[in-house]
Amino acid sequence: MQVVVVKFKDPTTFGHWETKEELDKSKCKVCFACGFLLEENTTTTKVALLCAEDLNSFSDWIDIPAGCILSCEVIKEVDWERPNV
């Protein structure tokens, strides 16, 4: 399992009326997600903050569209043994 840091542009949504001049000022924020890499392919990258000891249950994950990703850096390879359950 890999621990990664993903740098990505977070799509921005606004739910109110605004002038064209104000619309032109809006920009996507550059964000970072770090955690366990669950999936990485041509359409998406999934990263979870939490992993259960069975290494098969996850919580607090983010699914980032591939077109938003600026970089994905592997911080550490983690090779835990699965517990006997």
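Everything numeric in this text was worked out from a predicted model, so none of it was measured. (Residues numbered from 1 in each chain as written. Predicted model: local features only at pLDDT ≥ 70, side-chain atom pairs only at ≥ 80, totals over all residues. Heavy atoms only, no water.)

Draft legend 1. Structural detail: the overall build of the protein chain. A tally of helices and strands in the protein chain yields 1 helix and 5 strands. For 85 residues, the compact-globule estimate of 2.2 N^0.38 gives 12 Å, and the protein chain exceeds it by more than 25% at 17 Å. The long-range share in the protein chain, meaning contacts at least 24 apart out of those at least 6 apart in sequence, stands at 56%. In the form shown here, the protein chain has an accessible surface area of approximately 6,700 Å², with 53% of it arising from carbon and sulfur atoms. A gap of 9 Å separates the mean positions of the 9 positive and 15 negative side-chain charges of the protein chain. (Helix = DSSP H or I, 4+ residues; strand = E, 2+ residues; numbered from the N terminus. Rg over C-alpha atoms; globule rule 2.2 N^0.38 Å. Contact = heavy atoms within 4.5 Å. Areas by Shrake-Rupley, 256 points an atom, 1.4 Å probe, with all protein chains shown as cover. Lys, Arg positive; Asp, Glu negative; His and termini not counted. Charge placed at Lys NZ, Arg CZ, Asp CG, Glu CD.)

Draft legend 2. Local environment of the sheet that holds strand S4 (residues 58–65). In space, the 5 strands of this open sheet follow the order S4-S3-S2-S1-S5, with antiparallel pairing throughout. Both outer strands of the open sheet, S4 and strand S5 (69–77), are each paired with one neighbouring strand and no more. Within the sheet, the average angular offset between the axes of one strand and its neighbour, ignoring direction, is 35°. In this sheet, S5 lies alongside strand S1 (residues 2–10) in antiparallel orientation, the contact comprising 7 bridges. In the strand pairing of S5, Phe8 is matched with Ile69. (Pairing = 2+ DSSP bridges. Axes fitted to C-alpha atoms, helices over the stretch in contact; angles between N-to-C directions.)

Draft legend 3. Geometry of the nonpolar core. Val4, Val6, Phe8, Cys31, Ala33, Leu37, Val47, Ile64 and Cys68 together form the largest nonpolar core, which totals 9 residues. For this core, the secondary structure elements donating two or more residues are S1 and strand S2 (29–40). (Core = buried A, V, L, I, M, F, W, Y, C linked by side-chain atoms within 4.5 Å. Buried < 20%, exposed > 50% of the residue type's maximum accessible area, 1.4 Å probe, protein only.)

Draft legend 4. A look at the side chain of Thr44. Mapping Thr44 onto the fold places it in strand S3 (residues 44–51). The exposure class assigned to Thr44 is buried, which follows from its relative accessible area of 10%. In this structure Thr44 touches Glu39, Asp63, Ile64 and Ala66, once residues within four positions along its chain are discounted.

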